[in-house]
Every structure is written in C-alpha cells, then in structure tokens.
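Below are the chains, spelled out letter by letter.
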Amino acid sequence: MASSAANTGSAKPLLQFTPFSSTVQPAFWHELTNLKIDVLRLSQDAIPIHASYSIGRAVVDRETGMEVALGCNLVVSGDAFKDPKDVKPAPNSVTVRGVLKNFNTIEDFKNVNKQEMFNNTAKEMWAKTLQTGDPSHLFDFLLITFADLKKYKYYYWFAFPAFAASPPWEKQGEWAPAVDVVPIKGLEAIHKAIHSGGSDSSIAAALLAKPSANDPTAYETAPLNKFSDFFAGTPGEKRFVVFPDPSAHSQHVGWPLRNILTYILFNHHQTAAISPSSPLNIIAWRDIDTPSSSSHPPKSLYIKAYVPSLPDTSAVPAAVGWEKNPAGKLGPRMADLAPMMDPKRLADQAVDLNLKLMRWRILPGLDLEKVSGTKCLLLGAGTLGCYVARTLMGWGVRKITLVDSGKVSFSNPVRQPLFEFEDCLEGGKPKAATAAERLKKIFPGIDATGHEFLIPMPGHPIPPQSVEQTKKDVAQLEKLFDEHDAVFLLMDSRESRWLPTVLGAAKGKIMINCALGFDSYLVMRHGARESITPEGSTRLGCYYCNDIVAPADSLKDQTLDQMCTVTRPGLASIASSTAVELLVSLLQHSKGIHAPSPPMAGSGGQQVDTNSEEYNSVLGLVPHQMRGYLARFNTMLITGAAFGSCTGCSETVIKAYESEGFPMLLKAFNDIGYLEKLTGLDKLHSEGEAALEAVDWDEDDDDM
Amino acid sequence: MKAPSVLSRDEFNLAAEGFVRGSQRGTTRELDLRSTITDGWSWKKHSSFTHLCYLHRSRRTALVPEHDKETEYQDDMEDQIQSEFDASEAVVPELRVVTMQQYVAWSATYQLPGFYFTMHDASGTPVPLETIYRSAFFQKSRSMIAPPETTGIPAIFDRTQRDQSRLGGGDNAQFPVLAQGDHPVLGTPCWVFHPCETSAAIREILDELVGDGWTGSEGDLVRWLETWFMVLSSVVDLRL
Ligand SMILES: [Zn+2]
C-alpha cells in the first residue's frame, strides 16, 4: 500500500552500467616478458597498448538450460604492443587504447600512488576527447603490472575510467527490444553502418541514427562526433545513439555507454537538450549477425535515458573505474604462467600426462597416484640401481633414495646409465649422490638423494674401532627404511642383503630383490612377516628362505659363478625393469604386500585358474619370483613358501632384532655361527648342505 | 575423382582462406554448419615464414562452479583505493570465465589440419586438464561417459570407451585423441587432437556428398574443411 507507492516514488530508476572485466591472453604476458627483457629493462615509462571488446555473448548452460551472460569483457592479446594500424582487428570488436606501466619491483607496484595515476589518465582523456570533441579516446584504459620473471607470475591491475555524471543518468522504463521502435530495415542499416564504421576496429564504437526524411523505415547514420549537425532539426524522439554493447545482461548495459553519454552531455548539450521530458534514445547493439525477421531475430535493446538536471558542464566530472579482483575487492590480480613457461613445470606435466594417457586410454582402473606416491629406497647404485631408478621415473615415482658405498669407476658408465666418463676422474665421484644428481638433471621434478655408506654384513666381523661407525650406519639405514615404502635390494653381494631383509620384514616394507648371474636373473618380492600375514594365506619366502626351499630341479644345471662379475650386458636392464614392474603390479593389487602369487603349474596336481581376480591386479599377475634365462629367452614364475627357520625373515630373527636391537645385529655380523644357532639352522645344515650350496643368486656389479 | 583423405599445405591454405572469407560474408553453405561454428575465425600468418598459416579464434565460456579455485591475491594492496559508492555501477556477480584459444593448423606429420587449443582463465593463467574437460566445451563428450566406476574422463580421452562407441556405430565413431604438443606455427605448448583418426571420417562423409565429383577446386577444398569442422564438433562444442 503506502510502501509500494513510496518505493516507486523515491527509488530513482538509475541507468546502470556493467563494468569492464579484463581478460588477458597468455600471449600478452609472453610479449610483456620479451619487452621487459629486450627493450624496457629497468625503464618504467608508460607504453601505449591496445585492447578490444566485442558484442556481449550469453551462453546457454546445457545442464540448466539457462542463459548466462558472460560479463563485459575487455581482452588484451599478444598483439597489444603493436601499433593497432598493423594489426588486423578480431571480427566484431572495438579496439581501444590504453597505457601500460610496468614496475620493476613488487614494492614499486604496491607503493605507487594509484589514485594519482588514475586521475592523470582521466584528465588526459578529458583533454583529448571532451575538450577537442574527438571521441576516439573515450574508452582509454590504464594497466599497471609487475612481472616476477623468476616465478612466471604477473601482478596487474586495470582501470577503465568512466566519468560519473552528477546527478546520475536515469531511465524511463526497462530495456526493451529495439525492434519495437526501429523497423527491421532500419536495424539492417544500422548493422551495416556499425560494421563499416571502425577506424582501427572492425566495428564502430558508437554511432548516431535517425529515420530517413524520405522513407521512415530506412535509417541514416553518422559518427558520434557529428551529433550536433546530424541531429539538428531532428526531434528528440527520432534521435538514436547506438553502441555495440559488450554486456549481454538483460537489464544492464556495458561500461562504454557511460563515456558516450558524458561526451554527448558535455560536447553537444545544446543540441541534445537532455531532460526528463526530452530523453535520449539509446540502442545497445547486441546483434552479431545481420538482424532479420526470419533467420536472426534482432537482439538489440532500447531505452530512453536522461539526466534529472544538467551538470555544470564547465567542471571536469569525477571518474571511477579501477577493476575489482575476483574476490570482489578493489585490488590487483595475478596471473601464474609457471605451468606454461617454467620448463620444470612443463616437464612435470608432460611426465604426468604420459601416464594419465596410459590410464585413460588403456587402463581406467590404474591407480597412478599410488605408484607415483610410493617412496622408493634403492640399496645399490650400480647397474641395477641405475636402471631401476630410471624405470621408476618412467612410472612417475617422485621420491628415489639411493645407498651405495662405492665410487664411480671407469668400467661403470657404459653399463650404468646414470654415469658419465667425467664421473670417474680423480678417484671417482660417490655413486649414490652422483646417480641422484643425474636423476634430477633428467627430470628436475624428482626428489632424489644419495647416501654413501656400507651396509654391514653377517660373517664380516666389525673391528672394535669401527663399531661406533657401524652403529651410526645401521641407525641411518633404519631411518631410511622408516621414510620409504618400498625397498629394492640391488647390491653386489649376497650377505649385504641380510640386514635389509630383516629390517624390511620387521618394518613391513615392500621388498623387491634383484640379482644377476651370467645370463640369468632373479627378481622376487619378499613375503610379509608371519605376525602380519593374514590367516589362511600362504606366507611367501624371502631371499634367504629360498636358499633352502628353492625348487632345485630348475637350477641344478645352472652354474653360477659366485664371484661372478660378468653378466650379459642386456641382462641388468631386463631384470631391473622386471623388478620395477613387479612393484607396480603389487601396488595395484588390492592386497598389496599380501597379494597371492600364482601357484606353479603342475604343483599339487590340480589346475588353478590364474586368470581369476584373486591373483590379478589391473596389470595382471603379481608373481613371487621370476627367474629369467637369456640362454633360452624364457622366464619362469616361481612361488616359494616362507621357511620357518629362515635366517632372514623368521619371527625368531625378527623378534631377536626387535628386542635386542643393535647388539643382536653386531652378534650376527661378528659371529659366523650366530644366525644358524638362533634359527636352529645348524641342525638342518648337515642334511641340507648340498641344497644350500646349490643356490646362489648374486652379483650385479661389474667392477668387483 | 573422389575426395582425398589428406590435404597438402597449399590445399589447406586455400581451403582455410576460402573458409574465412565465406564465414565473413555469411555465405550459405552446402553443409549445415551453424554460423557459431564458423564465426570469428581469422587467418594468421607466421611473421617471417608467410606460408606457415593457421586459423585462430578465441572463445569464452563460464566455468562449472564446482571447479572454481581461489587464486592468490595481494590483500595488502586492497585498501589503497578508496571505494566510493557508485550508484551507476551495476552489481553483477562475476562469473569464472575460461577462454579457449582455438587454432586450426596444418600438421606436416599427418598431412591434415589439427585442432590445437589452450585454455586459460581471465588472468591468462592456464587451467588444469581437469578443468578443461569439465568445461562446457567438452560437455557433449562428457555426457557420453558411462556413469558408474569410470573416473569421470570423457570418452575422447579414453580409448576403451572410444572403441566401444565405434563398435556401437554411433555418430561419434571417429574420436580424435587428446595429446600435448607444440603449436606447429607458434611453437608454444598446446593441447591437440591427434588428427590421425579424422581422415577416414571426413572421407566417408565427402564420398557421400560429392561422390566422384571432386575437382579439387577452392570450393571443394572449403567443403573439405567444413567437413573437418563437422567431425571436430562431435568432440568439442564449437558453438560456444
Ligand atoms: Zn626368509
């Protein structure tokens, strides 16, 4: 009742404008970078640039079916620094000029008096346009930037000065279809004029239209600065001001109209004679295609606008127009181009993409994050260590730590792909650290480190003066185990695998073991320790279990030189790749470390379906052991159960280590008979002597 | 003669120039391509090697809100400007808009035009791949995903689904595959649809349209390129 009357009476029907929102194309930042490096250097001079805006577009959200107006965009492209005359403007766009000021430091950027800069820009626009009557600088803008070229980050802030009318413009009614007041033939004429009227632009920023004196359905047009001449003698209701509208919003038009109206008000107020009783006809041009009643119904809008009273046309009106940031605050914006420009980021993305494509194209179920998130500890940075590290990188593994006590020797580089001749000079660089550095060179995104220390071995007594050092080394190794998820045993002696085997079992790590003969290799995973093995599942053996229970028949005829340093050169990469792929298959299996190994063919007589889900990850089987023979180019899958008296993984050994700690290990290192007594293996020995001798898988390194 | 399944660089240049001229004139086409697909393309030339050319246009769309990400701002600078209330400023909530730079350039490897693109937000920051395939440009491809189990990856990125759709004989039978590559003229990193799978589809369509009547005239070449756009638009929404 009274309130609604009050509303309509007091709320002024203000004409409102959608501010420009900037869109910067990445090419602009590339050009700014080049300009800064090659031309500007430390200069902070203002540079002329240009930008463009187009007729606003709305997109239909196909999910909701609603039309969404895309905002009132001003686009700055890679051509911004060129003279607009040398650039072919984008179709349906208005080119506008601006000034760029780039600051050398973030402090300069922050501290510059922005209000003063803005006011100066507005004053210049006023002087160039509203004092001379030439409207070509009506849409000038200001851009301040700071380019952090080390981080590929660009801080920037746009200002689109608009002169604020006081009192503000008001409207009569709401925006309505222009076709209600201008016949389709008139709209066609206007469309044609807009498209032929730009100087540097592909369309005119504003124009005037009136019905032709001879044919009221035909329309005549003129540029904006002809307002007084063109409209002299034309009654107010037949004068139309048309501008391509960058807004697609149904009730708000774009920012450029503000300065167009100011221009008319200040430069042509006598002809215009704008007042509530003599409003101005405005057409917000929104047609991209020639309007036609059949194929392209006109979309342009129309309204009558006026100022309630004429402002003082001798005073410069205040200007507004700093762009808000996406948080809706008056503040700068930031572009982060590191993903495009930083070579490290590019390498990172390329590695990930390769793997993602593998997943997307072939194996949708592949959990890549699980692989890349697995922290890998490589004990040994020789031939096997180098190849394992490279294959892990191929899978996107980001953390690789290497341990080796050796230095790079002259025989290494040809077989060990992470070393070069230079690494062998002056006694050789430490292998682990050198390999880690090389990994980072190959792919900077990797977190690789190398540690140089010796892994103590049972049966290799520690001299009293070295006990402290050994204790430290063991503590270091224990810490490394705690920090990693998977451990690769890639050392050059059988005994050095014992301590890691015990640690791996005690700490429940994934243990992948790899050893080479002359033309045969073993790749295996260790089973979990007994205390964590789920009930009902067969516990798989470790490297030492298999000394005893290894299927002797397949190996009897193999002669492996225990001191062997000679292997066929292709063997190490085959074995290493197999080892990494075994880890990845294990990681993809739902039971992980407890994944069952496929039963061996012929064992127990009954057929087992190894295609069943039980045995397979998305990548297939997760065998316990693989033994490969280059002489026959075949690989055998072997499943071996754990041995209850194993010196490496039996609960007796692990519990002794857990309860006694380093002193127990020291006993094992110093006393040759200790482990066999502990496990009761000495009793078995007399029976099993032959079997124990028969198996020996070993020795990766070439330079022993 | 039947229509070719590949185009030489010169043929591509002719076709593209004719295509741009036609789209500017608004020529009626034989193929029913929506004008929004053919609109706004410009023909760009390498600054020194002028036979290296490509089509370019820029297209924007609003981002699906769930993938809005706040970027960092320099908050300490916000109070430098007094925010005076401006009654004439319309308060319109800002949409997250992504811009897709679309390029059609000739690939020497495939002897075919390839569709190259980059996507960035208003600041010029490239958007991650996840945002790309959740943008409206790929809405159509997204809808082809079987809802359960799948990781939400559109069929264009997924060979298994692609193969299924081909077996099904749907109209999206020929899916190009997305890859990362360099723009053949600009040398900048881009996303690209591998053109290898498009040529069979184009040939099939053109065989039906022109049969043995292919002469290799500019008109034929433009028609060839329009067919290429038609095949492409089954994957990327070019009407946006
Ligand atoms: Zn064992």
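What you see is a predicted model; the values in this text were computed from it and never measured. (Residues numbered from 1 in each chain as written. Chains lettered and ligands numbered in written order. Predicted model: local features only at pLDDT ≥ 70, side-chain atom pairs only at ≥ 80, totals over all residues. Heavy atoms only, no water.)

**Student:** For this particular structure, what's the right way to read the overall build of chain B?
**Tutor:** Each helix and strand in chain B was counted, giving 7 helices and 6 strands. Its helices and strands in sequence order give chain B the pattern α-α-β-β-β-β-α-α-α-β-β-α-α, from N to C terminus. Going through the 240 residues of chain B one by one, you find that 55% of them count as buried. Restricting to contacts in chain B with at least 6 residues of sequence separation, those with at least 24 account for 59%. Just so you have it, chain B exposes about 10600 Å², and 51% of that area is on carbon and sulfur atoms. (Helix = DSSP H or I, 4+ residues; strand = E, 2+ residues; numbered from the N terminus. Buried < 20%, exposed > 50% of the residue type's maximum accessible area, 1.4 Å probe, protein only. Contact = heavy atoms within 4.5 Å. Areas by Shrake-Rupley, 256 points an atom, 1.4 Å probe, with all protein chains shown as cover.)

**Student:** Looking at this model, I keep getting lost on the environment of Leu301(A). Mind explaining?
**Tutor:** Residues and elements named next belong to chain A. Residue placement: Leu301 occurs in strand β16 (residues 301-306). In the structure, Leu301 is positioned 17 residues away from Ala284 in sequence and 5.1 Å away in space, judged by C-alpha atoms. Not counting the four nearest positions on each side in its chain, Leu301 is found in contact with Trp175, Ala176, Pro177, Ala178, Ser250, Ile282, Ile283, Ala284 and Arg286.

**Student:** Explanation requested: the coordination of the zinc ion in the structure shown.
**Tutor:** Ideal geometry at a metal gives 109.5 degrees between four tetrahedral donors and either 90 or 180 degrees between six octahedral ones. Residues and elements named next belong to chain A. Surrounding the zinc ion are the protein donor atoms Cys542 (SG), Cys545 (SG), Cys646 (SG) and Cys649 (SG), at 2.1 to 2.2 Å. The site at the zinc ion holds 4 donor atoms, and with the angles between them running 95 to 129°, its shape is tetrahedral. Look at where the donors of the zinc ion fall in the sequence and you get C-x2-C-x100-C-x2-C. By relative accessible area, which is 3% here, Cys649 ends up buried. (Donors = N, O, S within 2.8 Å, 3.2 Å for Na, K, Ca; no water. Tetrahedral: all angles 85-135°; square planar, octahedral: opposite > 155°, others 65-115°.)

**Student:** So what exactly am I meant to see when it comes to the pairing of strand β23 (residues 510-516) of chain A here?
**Tutor:** Successive side chains on a regular strand alternate, one facing one side of the sheet and the next facing the other. Residue and element names in this part refer to chain A. For β23, the buried fraction is high: 7 of the 7 residues fall into the buried class. Two strands pair when backbone bridges link them, and strand β22 (residues 486-489) and β23 are joined in this way by 4 bridges, in the parallel orientation. Considered in β23, the bridge of Phe488 is made with Ile512. For the crossover from β22 across helix α15 (residues 498-507) to β23, the handedness is right-handed. (Pairing = 2+ DSSP bridges. Right-handed = clockwise from strand over helix to strand, strands pointing away.)

**Student:** Explanation requested: the confidence of the model for chain A in the structure shown.
**Tutor:** The predicted coordinates of low-pLDDT regions are not to be read in fine detail. All names here are of chain A. Confidence along chain A averages 85 in pLDDT terms, with 89% of residues attaining 70 or more. Considering each helix and strand of chain A separately, the mean pLDDT is smallest for helix α1 (residues 2-10), with a value of 41, and largest for strand β19 (residues 376-379), with 98. Taken as a whole, residues 1-10 scores under 50 in pLDDT and shows 1 contact with residues more than four places along the chain or in a different chain. Of the regions scoring below 50 in pLDDT, residues 694-704 engages in 57 contacts with residues more than four places distant in sequence or in other chains. (pLDDT = per-residue confidence, 0-100.)

**Student:** Looking at this structure, how should I read the pattern of salt bridges?
**Tutor:** A side chain of one charge can pair with a side chain of the opposite charge when the charged atoms of the two come close. Applying the stated criterion to the full structure yields 26 salt bridges over all chains. Residue Asp220(B) pairs with Arg223(B) through a salt bridge whose shortest N-O separation is 3.6 Å. Of this pair, Asp220(B) and Arg223(B) both sit in helix α7 (residues 218-232), separated by 3 residues, roughly a single helical turn. The buried category is assigned to Asp220(B), whose relative accessible area is 7%. The class for Arg223(B) is buried, based on a relative accessible area of 14%. The network of salt bridges with common partners includes Glu420(A), Asp423(A), Lys429(A) and Arg438(A). (Salt bridge = Lys/Arg side-chain N within 4 Å of Asp/Glu carboxyl O.)

**Student:** Sorry if this is basic, but what is going on with helix α18 (residues 651-660) of chain A here?
**Tutor:** One turn of an α-helix holds 3.6 residues; hence residues three or four places apart share an orientation. All of the buried residues in α18(A) are Glu651(A), Val653(A), Ile654(A), Ala656(A) and Tyr657(A). Contacts made by the buried residues of α18(A) are with α14 (467-483), α15, α19 (662-670) and α20 (674-679) of chain A.

**Student:** When you look at the nonpolar core in this model, what are you seeing that I'm missing?
**Tutor:** Considering soluble globular proteins, one finds that nonpolar side chains tend to be buried as a cluster. Residue and element names in this part refer to chain A. The biggest cluster of nonpolar side chains holds 104 residues, and the ones touching the most others in it are Leu15, Phe28, Trp169, Leu257, Ile260 and Ile264. Ranked by residues supplied to this core, first place goes to strand β9 (residues 153-163) with 9 residues. Those residues in contact with Phe28, other than ones at most four positions away along the chain, are Ile49, Val76, Ser77, Gly78, Ala80, Phe81, Leu100 and Leu143. Core analysis: the second largest hydrophobic core is formed by 51 residues, Cys386, Ala432, Ile446 and Leu571 among them. (Core = buried A, V, L, I, M, F, W, Y, C linked by side-chain atoms within 4.5 Å.)

**Student:** Would you mind going over the sheet that holds strand β13 (residues 240-244) of chain A with me for this structure?
**Tutor:** Within a sheet, each strand pairs with its neighbour through backbone hydrogen bonds, oriented either parallel or antiparallel. All names here are of chain A. With respect to topology, 6 strands assemble into an open sheet ordered β10-β16-β15-β13-β11-β12, the strand pairing being mixed. The open sheet has two edge strands with one neighbour each: β10 (170-177) and β12 (219-223). In this sheet, adjacent strand axes meet at a mean angle of 25° when their direction is disregarded. Pairing of strand β11 (residues 207-211) with β12 involves 5 bridges; the strand directions are antiparallel. By the bridge assignment, Ala209 is partnered in β12 with Thr221. (Axes fitted to C-alpha atoms, helices over the stretch in contact; angles between N-to-C directions.)

**Student:** Is there a simple way to explain a nonpolar patch on the surface in this structure?
**Tutor:** Residues Phe410(A), Phe421(A) and Leu425(A) make up a contiguous nonpolar surface patch of roughly 320 Å² in combined accessible area. Take Phe410(A): it is sitting in the loop between β20 (399-403) and α13 (431-442). (Patch = residues over 30% accessible without salt bridge, like charges linked within 9 Å, V, L, I, M, F, W, Y side chains within 5 Å.)

**Student:** What is the right way to look at the packing of aromatic side chains in this model?
**Tutor:** The geometry of an aromatic ring pair comes down to the distance between the two centres and the angle between the two planes. Residues and elements named next belong to chain A. Counted under the stated rule, the structure contains 30 aromatic pairs over all chains. Taken together, a centroid distance of 6.1 Å and an interplanar angle of 55° make the contact between Tyr219 and Phe240 tilted. Taken together, the residues span a long stretch of sequence, with Tyr219 in strand β12 and Phe240 in strand β13 at a distance of 21 residues. The class of Tyr219 is buried, set by a relative accessible area of 11%. The rings of Phe20, Phe28, Trp29, Tyr53, Phe81, Phe139, Phe141, Tyr154, Tyr156, Phe158 and Phe160 are connected pair by pair, giving a single aromatic cluster. (Phe/Tyr/Trp six-rings, centres within 6.5 Å; stacked < 30°, edge-to-face > 60°.)

**Student:** So what exactly am I meant to see when it comes to the packing of α15(A) against α18(A) here?
**Tutor:** The relative placement of two packed helices is expressed as an angle between their axes plus a distance between the axes. Residue and element names in this part refer to chain A. Look at α15 against α18: their axes get within 10 Å of each other, and the N-to-C directions meet at 85°. As far as their axial angle goes, α18 and α15 are roughly perpendicular. On α18, the residues that touch Trp498, Val502, Leu503, Ala505, Ala506 and Lys507 of α15 are Val653, Ile654, Tyr657 and Glu658. Across the contact of α15 with α18, the residue classes break down as 8 nonpolar, no polar and 2 charged. (Parallel < 35°, antiparallel > 145°, perpendicular 65-115°, else oblique. Nonpolar A, V, L, I, M, F, W, Y, C, P; charged D, E, K, R; others polar.)

**Student:** Just checking my understanding: could you explain the pairing of strand β8 (residues 141-148) of chain A for this structure?
**Tutor:** Residues and elements named next belong to chain A. A large share of β8 lies buried, amounting to 8 of its 8 residues. Side chains of β8 alternate between two faces, with Phe141, Leu143, Thr145 and Ala147 and Leu142, Ile144, Phe146 and Asp148 buried alike. Of the strand pairs in this sheet, strand β7 (residues 93-103) and β8 are connected by 6 bridges, and their pairing is parallel. Looking across to β8, one finds that Gly98 is bridged to Phe141. One ladder, built from 7 bridges, connects β8 with β9; its direction is antiparallel. Bridge pairing links Asp148 to Lys153 in β9. Taking the residues between adjacent antiparallel strands as the criterion, β8 and β9 are bridged by 4 residues, where Tyr152 takes a positive phi near 60°.

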